[in-house]
Amino acid sequence: MANNNNFKMLAKTLYGFEDILAKELKNLGAIEVKKGVRNVSFYGDKGFMYKANLCLRTALKILKPIAKFKVYSEEDLYKKLYKMDWEQYFTPEATFAIDSTVHSDFFSHSKFVALKSKDAIADYFRDKTGKRPNVDVKFPHLRIHIHIEKNMCTVSLDSSGQSLHKRGYRSATNIAPINEVLAAGLLLLSGWDGRSDFLDPMCGSGTILIEAAMIAANIPPNLNKKEFGFEKWPDWDVDLFEKIEESSLNKIRSFEHKIIGYDKAPSAVRKAIDNIENANLSEFISVSQEDFFKTKKEGEKHLHILCNPPYGERLSLENLTEFYTNIGDTLKQNYPSTQAWMIVSDLEAIKSVGLRTSKKIKVFNGKLEARLVRYDIYEGTKKRRPRI
C-alpha cells in the first residue's frame, strides 16, 4: 500500500446494502474494499475515516479494529483485554462504553461479554493508575466494539459514536419513520441519481425526500450530525476534519428538477416541513397535503417515485388489499412515464397492485423482511413484448 498511514476499517450496514456501500466506498477513494455480511472492510487513513463518516449514505458505523486474538472463555477474554495498552486510547478521567456482538458456541451471551470486557478495561486502569474510568452508555468519550466470531475476537474503536443513521435533521417523527440509512439505500438501489423529478406520495415525516435531495445535490448526509465518536479521541485533528468537510461541500452540485412529497395527514406534512427546514433543504423540496389516489402526474417528463406505504400492522387485511389495488390503479391511470418503487413487507398485498413488477430486491425494514419492488408505468397502453 502506498500510504503508510492507512489502516483497516469496517463499515457496518443493513442487509442487502453491501454492494452499494462497497460502491460508495470505492467512489470516495477507499482501497482494498471487501464485502462481508452487513459490512464492508476497507483501508484508508485518518482523513479518510473522517470523510467516510461524513459522506457515506449507507453506513451505520465506521469501526477501527485495534486488536484481534483467539478466545475460548470469558476468563481468556478478560486476560487478553487486560493486557492491551488502553492508555493510548483514553484516560481514566474519560468515560467509555462497550458494544458487543457474539456468534460463538464458547460465549452464549453478548451482555455478559460486554460486562467482562468492561471489567478488564476498568481493572487495567485501576491497577495502573489507581482510578477506574466510568461507563457512560449514552455519550461516552470512547465507544469500544467487541466482536466474537466462533473463537476469534476483534476489538475495535467506534469512530462514529451514535449510529450514522441519526443524521441530526429529524426532530419530528410520525408513527413509524423509516431509518435514514434504509431510505438512502433504497434510493440508491432504485437508481435515483437526481436526473428527473421525484415524488414520495406518502412521505410521512419526509425522510425519503430529504435523502433523495441530498443524493441529487451530492450533499454529505452527515453534515448536520452534532458529533462523531472520533472527536473525543486523543488524536482528533480538527483542522484536518474541517479541510475534509470543506472539500466535500465543494462537491455539492446544482439540481434542476423537482422533489415533491404528498401525505394525507396534515400532522405528517407539518413534521416533514420541519425536518426539511432542519436539513436546510427547503429550496429543493415541496410538500403538500394530498391524497395520492386523487392526484395526477404533473407534466410529461419522466418521474421517479419511491415510497414506504403503511404496512399490515397499521392497516386491517381487507383495507390493505383495497389500499394496494388503489395504488396500482392510480399509477396505471394517472402516472404515465413513471418508474415507481415501493418497499413492502406484506408480500401477499403486492399481488393486489395488479401491475407486473420489473424488479424485486430483498431488504429488511427493521426486523421485518421486505421487498423493494419496481413498476414501470409506460405512456399509454404497453404492448406485451414477445417472450424470447
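Above this text is the structure in question.
What you see is a predicted model; the values in this text were computed from it and never measured.

Parameters and conventions
- Residues numbered from 1 in each chain as written.
- Predicted model: local features only at pLDDT ≥ 70, side-chain atom pairs only at ≥ 80, totals over all residues.
- Heavy atoms only, no water.
- Pairing = 2+ DSSP bridges.
- Helix = DSSP H or I, 4+ residues; strand = E, 2+ residues; numbered from the N terminus.
- Axes fitted to C-alpha atoms, helices over the stretch in contact; angles between N-to-C directions.
- Contact = heavy atoms within 4.5 Å.
- Phe/Tyr/Trp six-rings, centres within 6.5 Å; stacked < 30°, edge-to-face > 60°.
- Buried < 20%, exposed > 50% of the residue type's maximum accessible area, 1.4 Å probe, protein only.
- Left-handed = near helix turned anticlockwise from the far one by under 90°.
- Nonpolar A, V, L, I, M, F, W, Y, C, P; charged D, E, K, R; others polar.

> Can you explain the sheet that holds strand β13 (residues 359-365)? Please cite residues and give values.
Ordered by their spatial adjacency, seven strands build an open sheet running β10-β9-β8-β11-β12-β14-β13, and the pairing between neighbours is mixed. The two strands at the open ends of the sheet, each matched to only one other strand, are β10 (285-289) and β13. Averaged over all pairs of adjacent strands, the angle between strand axes in this sheet comes to 20°, irrespective of strand direction. Sheet analysis places β13 next to strand β14 (residues 368-377), joined by seven bridges and oriented antiparallel. The residue of β14 that forms the bridge with N365 is L368. Sitting on the sheet, helix α6 (residues 207-216) is in contact with β8 (197-200), β9 (259-263), β10 and β11 (303-307), with an inclination near 175° to β9. Each of β9 and β10 touches helix α8 (residues 266-278); the most contacted strand, β10, lies at about 165° to it.

> Outline the packing of aromatic side chains, supporting the account with residue identities and numerical values.
Following the criterion strictly, the structure yields 24 aromatic pairs and no others. Residues F42 and F48 carry aromatic rings whose centres are separated by 5.8 Å and whose planes lie at 70° to one another, so their mutual orientation is edge-to-face. Each member of the pair, F42 as well as F48, is classed as buried. Measuring from centroid to centroid gives 5.5 Å for Y72 and F106, while their planes differ by 90°, and the two rings are edge-to-face. Here F106 lies in the loop between β5 (96-103) and α4 (110-129) and Y72 lies in the loop between β4 (61-70) and α3 (74-82), a separation of 34 residues in the sequence. Looking at Y72, the relative accessible area reads 44%, which means it is partly exposed. Take F106: its relative accessible area is 41%, and that puts it in the partly exposed class.

> Explain the sheet that holds β5 residue by residue, including any values.
The strands that make up a sheet are held in pairs by hydrogen bonds between backbone atoms, and each pair lies either parallel or antiparallel. One open sheet holds the seven strands; their spatial order is β2-β3-β1-β4-β7-β6-β5, and the pairing between them is mixed. Of all strands in the sheet, those with a lone pairing partner are β2 (31-35) and β5, marking the two edges. On average, each strand axis in the sheet is inclined to that of its neighbour by 30°, with strand direction left out of account. Here eight bridges tie β5 to strand β6 (residues 142-149), and the two strands are oriented parallel to one another. Along β6, the bridge assignment pairs I98 with I144. Along the sheet, helix α2 (residues 46-55) contacts β1 (7-12), β3 (39-44) and β4; its crossing angle with β1, the most-contacted strand, is approximately 10°.

> Go over the packing of α3 against α4 with me, naming the residues and quoting the values.
Viewed as axis vectors pointing N to C, α3 and α4 meet at an angle of 35°, and their least axial separation amounts to 8 Å. For the element pair α3 and α4, the recorded crossing hand is right-handed. In this structure, α3 contributes E74, E75, L77, Y78, L81 and Y82 to the contact, and α4 contributes F112, V113, K116, S117, D119, A120, D123, Y124 and D127. Each residue belonging to the contact of α3 with α4 can be placed in one class, and the counts come to eight nonpolar, one polar and six charged.

> Mind laying out α6, listing which residues take part and the relevant values?
Residue pairs three or four apart in sequence face the same way in an α-helix, which turns once every 3.6 residues. Buried residues dominate α6, accounting for ten of its ten residues. All buried positions along α6 are accounted for by T207, I208, L209, I210, E211, A212, A213, M214, I215 and A216. Where α6 is buried, its residues meet α5 (180-189), β8, β9, α8, β10 and β11. Within two residues after α6, N218 carries a phi angle of roughly 55°, on the positive side.

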